[in-house]
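Topology and contacts: notes
The chain contents come next:
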Amino acid sequence: MDVELAEIRDFLAQHAPFDALGPVVLERLPRSCTIRYARRGSVVVEVGLHGDGLYVVRVGAVDIVDEAGGLIERIGTGGAFGMSSLLEHRPTRYRSVAVEDTLLVVLAADRFEQLAREHPSFLTFFAGAHHTRLTRAIRNLQQASSGHTVLRTPVRSLLTRAPVTTEPTTPVADAARVMTEAGVSCVLVVEDEQLVGIVTDRDLRTRVLAAGLDPAVPVGEVMTSPPRTLRADAMAFEALLEMVTRRIHHLPVVGERTVPLGLVTTTDLVRLEKSNPVYLAADIGVQTSVAGVVEQARRIPAVLGELVDSDVSASDISRVLTALGDAVRRRLVALAEAELGPPPTAYSWVVLGSAAREEEALSADQDHALVVAEEGHDAWFAALAERVTSGLEEAGWPRCPGEVMATNPQWRLTPQEWRRHFSAWSREPQPDAVLHVAVFHDMRHLTGDPDLTEQVRRSAADHVSPRLVSHLVARALGSRPPLGFFRTFVLEHEGDHRDTLDIKRAISIIVQLARVQALRVGSTALSTSARLAAAEEGGLLDERTAEDLRVALELMSYLRLHHQVAQVRGGLVPDNQVAPRDLTDRQRRDLKDAFAVVRHAQQQLSTRLSSGFV
């Protein structure tokens, strides 16, 4: 071997994954390589072209950027690029630019493919690198075109004063005096320098004055403990999301050992955002009529549009939308109850489907049910259900076409009746039963008696037979993402949705896969992300597949939300029918990759089950 080939061999032997190929392979490898020089600022491979093979940086550095110029990754000595085109057998989605005078070792494409076939670890290494690069590309896709990132402001920067504190033994009257003198609406309760509770002016009204307590009682008896908190390095959006979902207006910010550093309030966040979901949720909650609730609910799409325009993930936007929907639903239940009079027995109102998973989109219809403590009062609960359902319809949530709503007497049941249903569905999982299981395993308490909801959720978890699981698996495998054999989108060919694809269909496959895998490991998690994590922890999904599905879900949800917000701004009713022609080239490629991830996960589940994997 001449000196130059020996140098290439020795260089590759120092870097993964070539270092694991063994001396015999390494000895022959340089003969399949060429050397290429790239001057600083020159493009090595342009977007939309095939490269010459796998590029390994010997000296220098290369930036991998997307079509918009966003940096995906900087490749230094020993790093490689070009694997995306080789693995996918199509033109590259990235532009590679030399940022220094760079010397490259180029491994021929046919030799790369041979090594990938003969050495699984070699393929795994570059498949993982490709996955990481795709993930970063999707994150770039989510950056706001307007550059509006105020919701990514660190919470630490919102702290303008030291926290007002007291001790648990302080009398309530003294704590109220401290709050008045400091001009604040809450006080943090500290013991041994650590935060142990919080008392707000509302707590003083409801827990002391309204309850007739002696103002001399210690603060420790009326404080909220432990309080919800945030770390100082959290983002403003995390504070916003916590306030919306928890329906609170004060969030203590803590450092090490829960030492309080300050307080973030809804007012602080309003200074950042004109359209603040926290205030909208509060406005909904004080309405005294259905018409008032409907009027406030019509602000929701605009608020969601602000978040879409900001640097906020689709999963977080869906959680905000669900929280605002919860505010509407709770208020409508309260107004209906006020009109009908006290309920004749305890009950709980539960939400189902995407609302239960906190994954709502603007096109969601109604899915809800009732759990009643005892039979014999159906007229009252039927009236309650109709009032709430009608109000939701006016507010923008269409009725469920399948009648999975509390207006259907089939879904106004006692815990015992719910248990009988789950038992029957588990024993005889006919098509309707399988559909019902899929719906009612996604159940979350909204308002009323939470113990009743918990009884039903326990019944659901207790009745998951192997036969039922097999039917749920078949359902998860029975639908296919809209992608053809040759990586072309499968589009509608006629009707109002001609030349579009139903992106919800692919999203629902991930939801079904996550649900069935979570059931197999005995998890009662509700969100799709949490279910994927449970399946991964239980050994039913490998780390790579679980992360691929999370990324695919985020990408598809992101595109759906942007599509729906654009429809609302155009005066249209939001739907799930995305037209590929309206997407950028990069978005189309990434969407195809996401669909391919879903198909691969289905194939993996099918293969493992057919081979006896349990």
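Residues numbered from 1 in each chain as written. Predicted model: local features only at pLDDT ≥ 70, side-chain atom pairs only at ≥ 80, totals over all residues. Heavy atoms only, no water.

1. Details of the sheet that holds strand β6 (residues 80-81)
Here is the rule we go by: Strands pair, by our definition, only if DSSP identifies at least two bridges between them. To qualify as a helix, a DSSP run of H or I must reach at least 4 residues; to qualify as a strand, a run of E must reach at least 2; elements of each kind are numbered from the N terminus. Only heavy atoms enter the contact rule, under which two residues are in contact if any of them lie within 4.5 Å. Lines are fitted to the C-alpha atoms to define the axes, a helix being fitted only along its stretch in contact, and any angle between axes, read from their N-to-C directions, falls within 0 to 180 degrees.
Strand order in the open sheet formed by four strands is β1-β8-β3-β6, with antiparallel pairing between adjacent strands. The open sheet is flanked by β1 (33-38) and β6, the only strands paired with a single partner. As paired elements, strand β3 (residues 53-59) and β6 share two bridges and run antiparallel to each other. Within the sheet, the bridge partner assigned to V56 lies in β6 and is A80. The strands touched by helix α1 (residues 3-12) are β1, β3 and β8 (102-108); relative to β3, the strand with the most contacts, the crossing angle is about 90°. Where helix α4 (residues 109-118) meets the sheet, its contacts fall on β3 and β8, and the angle it forms with β8 comes to roughly 65°.

2. Structural notes on the UniProt feature "domain: CBS" (unreviewed entry) in the protein chain
Spelled out, the test is: UniProt positions are given in the numbering used here, feature names are shortened, and annotations may be inferred rather than shown by experiment.
With numbering aligned to this structure, UniProt lists the feature "domain: CBS" (unreviewed entry) at residues 159-215 and 223-280. Helix makes up 35% of residues 159-215 and strand makes up 26%, while its end C-alpha atoms are separated by 31 Å.

3. Brief notes about a negative patch on the surface
What counts, and what does not: Only residues whose relative accessible area exceeds 30% and that take part in no salt bridge are eligible for patches, with like-charged residues grouped when within 9 Å of each other and nonpolar side chains (Val, Leu, Ile, Met, Phe, Trp, Tyr) grouped when within 5 Å. We get accessible surface area from the Shrake-Rupley algorithm with a probe of 1.4 Å; when it comes to residues, only the shown protein chains can shield them. Take a side-chain nitrogen of Lys or Arg and a carboxyl oxygen of Asp or Glu: if they are within 4 Å of each other, that pair is a salt bridge. Positive residues here are Lys and Arg, negative ones are Asp and Glu, while His and the chain termini are left out of the count. Charged groups are reduced to one reference atom each: NZ for lysine, CZ for arginine, CG for aspartic acid, CD for glutamic acid.
Where like charges cluster on the molecular surface, the negative patch consists of E167, E191, D192 and E193. Mapped onto the secondary structure, E167 falls in the loop between β9 (165-166) and α6 (172-182).

4. Describing the nonpolar core
Applied cut-off: By nonpolar core is meant a set of buried Ala, Val, Leu, Ile, Met, Phe, Trp, Tyr and Cys residues that side-chain atoms within 4.5 Å join together. Classification of residues uses two cut-offs on accessible area relative to the type maximum, computed with a 1.4 Å probe and protein chains only: under 20% is buried, over 50% is exposed, and between them is partly exposed.
Residues I300, V328, L384, W418, F440, M556 and L591 are the most contacted members of the largest nonpolar core, which totals 107 residues. If one sorts the elements of this core by residue count, helix α13 (residues 314-340) sits on top with twelve residues. The residues contacting I300, other than those within four sequence positions of it, are L280, L321, L324, V328 and W397. One finds F11, L21, V25 and L86 within the second-largest nonpolar core, a separate group that totals 20 residues.

5. Topic: the pattern of salt bridges
If you walk through the whole model with that rule in mind, you get 30 salt bridges. With its nearest N and O atoms 4.0 Å apart, the salt bridge here joins E454 to R458. Here E454 pairs with R458, and both are found in helix α18 (residues 450-462), just four residues apart, close to one helical turn. With relative accessibility at 37%, the residue E454 sits in the partly exposed group. A salt bridge links E536 to R550, with the shortest nitrogen-to-oxygen separation between them at 3.2 Å. Residue E536 is located in helix α21 (residues 528-537), and its partner R550 is located in helix α22 (residues 543-569); the two are separated by 14 residues in the primary sequence. According to the relative accessible area criterion, E536 is partly exposed, its value standing at 25%. Residue R550 is classed as partly exposed on the basis of its relative accessible area of 22%. Beyond isolated ion pairs, a larger network of salt bridges with shared partners links R357, E359, D442, R515 and R531.

6. Some words on unusual backbone geometry
Negative phi is the rule for most residues except glycine; trans is the rule for most peptide bonds. Here the residue pair A16 and P17 is connected by a cis peptide bond, since its omega of 0° sits within 30 degrees of zero. Among the secondary structure elements, P17 is positioned in the loop between α1 and α2 (23-28). Geometrically, the link from S225 to P226 is a cis peptide bond, its omega value of -5° lying close to zero. Considering the arrangement of structural elements, one finds P226 in the loop between α7 (201-209) and β12 (230-231). At E193, a position not held by glycine, the phi torsion is positive, near 70°. Within the secondary structure, E193 sits in the loop between β10 (186-191) and β11 (194-200). We note that E403 has phi near 60°; this positive angle belongs to a residue other than glycine. Topologically, E403 is positioned in the loop between α15 (378-395) and β17 (412-413). Of the residues examined, E403 reaches a relative accessible area of 38% and is grouped as partly exposed.

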